[in-house]
Amino acid sequence: MTEPIEPNKEVIPAFGYELIREELLHDLLGKDAPDILYWAGKRLARKYPLETEEDLFSFFIEAGWGNLTKNLENKKEIQYELTSELIQKRCKEKAHATFQLEAGFIAQQIEQKKEVICETFEHPRKKGGKVLFTVKWDKKDNIHT
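Quick look at the structure, then. (Residues numbered from 1 in each chain as written. Predicted model: local features only at pLDDT ≥ 70, side-chain atom pairs only at ≥ 80, totals over all residues. Heavy atoms only, no water.)

## Some words on the pattern of salt bridges
One pass over the structure, following the stated rule, counts twelve salt bridges. For Lys31, the salt bridge identified is with Asp32, shortest N-O distance 3.7 Å. By relative accessible area, which is 74% here, Lys31 ends up exposed. Its salt-bridge partner being Lys70, residue Glu73 comes within 2.8 Å of it at the nearest N-O pair. We classify Glu73 as partly exposed; its relative accessible area is 39%. By sharing partners, the salt bridges in this structure join Glu18, Arg21, Glu22, Arg90 and Glu102 into a single network. (Salt bridge = Lys/Arg side-chain N within 4 Å of Asp/Glu carboxyl O. Buried < 20%, exposed > 50% of the residue type's maximum accessible area, 1.4 Å probe, protein only.)

## Re helix H2 (residues 33-47)
An α-helical turn contains 3.6 residues, so a residue and the one three or four places further along point in the same direction. Under the 1.5 Å per step criterion, the end-to-end length of H2 is 21 Å for 15 residues, consistent within 8% with the ideal 21 Å. Those residues of H2 lying buried are Ala33, Leu37, Tyr38, Gly41, Lys42 and Ala45. Buried positions along H2 lie against helix H1 (14-29), helix H5 (100-114) and strand E3 (116-125). (Helix = DSSP H or I, 4+ residues; strand = E, 2+ residues; numbered from the N terminus. Expected span 1.5 Å × (residues − 1). Contact = heavy atoms within 4.5 Å.)

Printed below as a string of structure tokens:
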């Protein structure tokens, strides 16, 4: 049984999304695509600041980026995991698949909350069909200094 579509929610076919994301953007941006997408993700995060970590998880679902969950957090890093059927397919079929848009978005959201400069590293797990993200920071890298 399929779930009912909420009123005022548009459904975009995954194929169309993937055409733009994995084909067109890479053709337009060339070898610089991962770097540009990372900074684009940071810019999006500044346009859509989120209050809580739950808001971050919800944003990922709303954006169609997948299901983001936190694996661990300590004094210097957070590890997240991103999963979805689309990510499984992308990991399996696309050798050049990048998740830098999501990485940049996460980095900026955490940077805004912790008020320290953050960097996020992506770790696609092609066999597992998921992406792990590691957000790192140094408390000495305060954004206000």
